[in-house]
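So the chains spell out like this:
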There are 2 protein chains.
Amino acid sequence: MRSITALRELFEDELKSIHFSGAPKELYEPFSYMLGLGGKRMRPVMLLHAAEMFGADATSAMPQALAIELFHNFTLIHDDIMDNAPLRRGLPTVHKKFNSPVAILSGDAMLVTAYKYLVQSEPSVLARLINIFNDCAIKVCEGQQLDMNFETAETLDAAGYLNMIELKTATLIASSLKIGAMIGGASAEDAEHLYNFGKHLGISFQLKDDWLDSFGSAAKFGKQPGGDIIQNKKTFLLIEAMNSVDEVLKPELQYWYRQQQFDPQVKVAAVVRIFNELGISELTQLETAKHFDKSMEHIEQLSLPESHKTGLRQLSHNLLHRES
Amino acid sequence: MRSITALRELFEDELKSIHFSGAPKELYEPFSYMLGLGGKRMRPVMLLHAAEMFGADATSAMPQALAIELFHNFTLIHDDIMDNAPLRRGLPTVHKKFNSPVAILSGDAMLVTAYKYLVQSEPSVLARLINIFNDCAIKVCEGQQLDMNFETAETLDAAGYLNMIELKTATLIASSLKIGAMIGGASAEDAEHLYNFGKHLGISFQLKDDWLDSFGSAAKFGKQPGGDIIQNKKTFLLIEAMNSVDEVLKPELQYWYRQQQFDPQVKVAAVVRIFNELGISELTQLETAKHFDKSMEHIEQLSLPESHKTGLRQLSHNLLHRES
């Protein structure tokens, strides 16, 4: 079995060897631009690792890993248009770098290209893999729609938020792992354990992301710290704060939520202080740990030797203890 | 074999029986809205007819027919955003009725749903059908990008235009027929003849569409007559006129092309008169007939009894001689 680092290099090398260079160039330039922005390649690496856990060589799962990474990037391109996001990883988003019609269309072409890789699966698993991929893709769309609905919703609860991030974020991690497991020849039970491991890991991953925005070390944190606070993003933190705030702090939280003109640093400091007074950091860490623990239980239950489980445990701990 | 009319009814009944009613509703409402705008259902009906030509019952090709219609409607939703089109079939386009983020996202979900139907194919043809569908989908994206490029291009020629409409319009008709033929169990040669029949029919269909905008009977014509002229759309007619215009008419054609403020009726009448003086109507009809004749040659070459070819010939003639 390759190490996670080796799998990431293997995947990066494969990705770099592909030249998406069809005509017209306007359609394909965003492919290299977007994929060139980098990223942890978490989903394809997990897929490849899952395949190796069950005895396959990672190279045999490369088309599906590429399909997952292309799908993920397609969602980022379209989400950035919908969210009107100017930057991704510190550089202009595809619709800002090119324009919105090109971003819509090359996103579409990227989704179709994902299916072009996916169809390179063995006939014996082809229909099942496409079904998993389709179900996942629909859920990701549903999650993004819920996320958009949240921005204008009057009241929200934590359960609704957890459902949204499960659909929008966790399902793709879960499905990547399940696809890898199936390519590796895992039993239906083990494939399901890996799916549920990925689901709970994905939820804890997103909760950690929310937490880092307010409580992460700004220096090591790539994104603008407090960006969610500045934009009034309905994260787990803000939803829990809104639902637990007392009469004393409520006017202040609402003031910052409604204020149109403000010094960003002052707003971030004020809202973080409210979060602290309400114990939101601990509450979020508790919920994160709950889902992380559930994900670990599913690793326990895999019918594999312990030595085959260490990679996934290590990867999970790295994700949970990351500082950016 | 069912008649074309019977196949259209069969398809409409099937479409009406499906309720795209998942959650959140914002994602799925555009499905019923868009599919409810109607249309000739030309592509799925051709797919079903092709399947029956080779001995299958149309009902066995229904999932693929639905996949094709969903794909077609997905392209219309996204194209309307890119083209900033306010109306489709006289009613607000999806992004006007709802909003652009919803139109982008439900278009995405519609494309994925197309794959959900497509994957319901027999294992023996599944990979081949998805490959045809993927290749077609990429070409449609390339055609749309070329079409967008054309709007700002300085010079264009007829060959470039014909290539664009082949990609954007004809390929989907061709692929629908090929998929139907393969479900019917056609030989590779016959499937290819149906593909090429559809390709040339699709090109002549689009040329006829261009021609109808300037020379169709306004009364029977659903769209605004002269709409392409008003919008300076780079159709076969305008491209040929620009490339064949003499020094006398050139200033007038350029005047109307550049004029920002004008009475639409006056512009349409003036440009149609220039088209007439340049013989553009005849030239377009000639090119239309050329591709129509090529399409008929591919019907000739099908290894099927003559009685099995009459439906396709009738359908083609109806398309060519339509007045709207």
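Predicted model only: the values in this text are computed from it and were never measured.

Conventions used here
- Residue indices begin from 1 for each chain and proceed along its sequence in written order.
- Each chain takes a letter, starting from A, and each ligand takes a number, starting from 1, following the order in which they are written.
- Restriction of local features to residues with pLDDT of at least 70 applies here, the model being predicted, together with a cutoff of 80 or more for giving and counting side-chain atom pairs; totals for whole chains, interfaces and linings are based on all residues.
- Hydrogens and water are ignored here; the side-chain numbers use all heavy atoms of the structure.
- Here the copies were fitted onto each other by least squares, based on C-alpha atoms from residues at pLDDT of at least 70 in both.
- A contact between two residues is defined here by any heavy atoms of the two lying within 4.5 Å.
- Strands are runs of DSSP state E lasting at least two residues, helices are runs of H or I lasting at least four, and both sets are numbered from the N terminus onward.
- Only protein chains enter the accessibility calculation, which uses a 1.4 Å probe. A residue is then buried if its area is under 20% of the maximum for its type, exposed if over 50%, and partly exposed in between.
- In this scheme Phe, Tyr and Trp rings, the latter by its six-membered ring, pair at centre separations within 6.5 Å, and the angle between planes marks the pair as stacked below 30 degrees, edge-to-face above 60, and tilted otherwise.
- What we call a nonpolar core is a set of buried Ala, Val, Leu, Ile, Met, Phe, Trp, Tyr and Cys residues that are connected through their side-chain atoms within 4.5 Å.
- Salt bridges, as used here, are contacts in which a Lys or Arg side-chain nitrogen is within 4 Å of a carboxyl oxygen on Asp or Glu.

**Some words on the relation of the copies chain A and chain B**
And then number 1: With an RMSD of 0.0 Å, the operation that places chain A on chain B is a rotation of 180° combined with a shift of 0.0 Å along the axis. Between the two chains, the operation in question is that of a two-fold axis.
And then number 2: Interface overlap between copies: 100% of the residues of chain A at the interface are likewise at the interface in chain B, consistent with a symmetric, same-surface contact.

**A short note on unusual backbone geometry**
And then number 1: Here alanine 23 of chain A and proline 24 of chain A are connected by a cis peptide whose omega angle stands at -5°.
And then number 2: Mapping proline 24 of chain A onto the fold places it in the loop between helix H1 (4-17) and helix H2 (25-35).
And then number 3: In this structure, arginine 41 of chain A is a non-glycine residue whose phi angle is positive, near 55°.
And then number 4: Note that arginine 41 of chain A resides in the loop between H2 and helix H3 (42-53).
And then number 5: What makes arginine 41 of chain A buried here is its relative accessible area of 4%.
And then number 6: If you check the backbone angles, asparagine 232 of chain B has positive phi at about 55° while not being a glycine.

**A look at the packing of aromatic side chains**
And then number 1: Scanning all chains against the criterion turns up 19 aromatic pairs over all chains.
And then number 2: Ring geometry for tyrosine 161 of chain A and phenylalanine 236 of chain A: centres 6.3 Å apart, planes at 45°, overall tilted. One end of the pair, tyrosine 161 of chain A, is in helix H8 (residues 158-183); the other, phenylalanine 236 of chain A, is in helix H11 (residues 236-244), with 75 residues separating them in the sequence. Summarising the burial analysis for this pair, tyrosine 161 of chain A and phenylalanine 236 of chain A share the class buried.
And then number 3: Ring centres of phenylalanine 71 of chain B and phenylalanine 133 of chain B lie 5.4 Å apart, and the angle between their planes is 70°; on these two criteria the pair is classed as edge-to-face. With a gap of 62 residues between them, phenylalanine 71 of chain B in helix H4 (residues 62-82) and phenylalanine 133 of chain B in helix H7 (residues 123-152) connect regions that are remote in the sequence.
And then number 4: On the basis of relative accessible area, phenylalanine 133 of chain B is assigned to the buried category, the value being 2%.
And then number 5: Through a chain of ring-to-ring contacts, the aromatic side chains of Phe71, Phe74, Tyr115 and Phe133 of chain A together with Phe71, Phe74, Tyr115 and Phe133 of chain B assemble into a single cluster.

**What to know about the nonpolar core**
And then number 1: Ranked by internal contacts, the top residues of the largest apolar core, which has 166 residues, are Phe71 and Leu194 of chain A together with Phe71 and Leu194 of chain B.
And then number 2: When sequence neighbours within four positions are dropped, the list of residues in contact with leucine 194 of chain B reads Ala50, Phe54, Leu177, Ala181, Leu302 and Leu312 of chain B.

**Concerning the pattern of salt bridges**
Residues and elements named next belong to chain A.
And then number 1: The tally for this structure, following the rule as stated, stands at 40 salt bridges over all chains.
And then number 2: When the shortest N-O distance is used, the salt bridge between lysine 233 and aspartate 147 registers 3.3 Å. Here the residue lysine 233 occupies a position in the loop between helix H10 (227-230) and H11, and aspartate 147 occupies one in helix H7 (residues 123-152), the gap between them amounting to 86 residues.
And then number 3: One salt bridge in this structure joins glutamate 300 and arginine 313, with 3.0 Å as the shortest N-O distance. Pair noted here: glutamate 300 is in helix H14 (residues 280-300) and arginine 313 is in helix H15 (residues 310-320), with a separation of 13 residues, a long-range link.
And then number 4: Through salt bridges with shared partners, one network takes in Asp79, Asp147, Glu151, Lys168 and Lys233.

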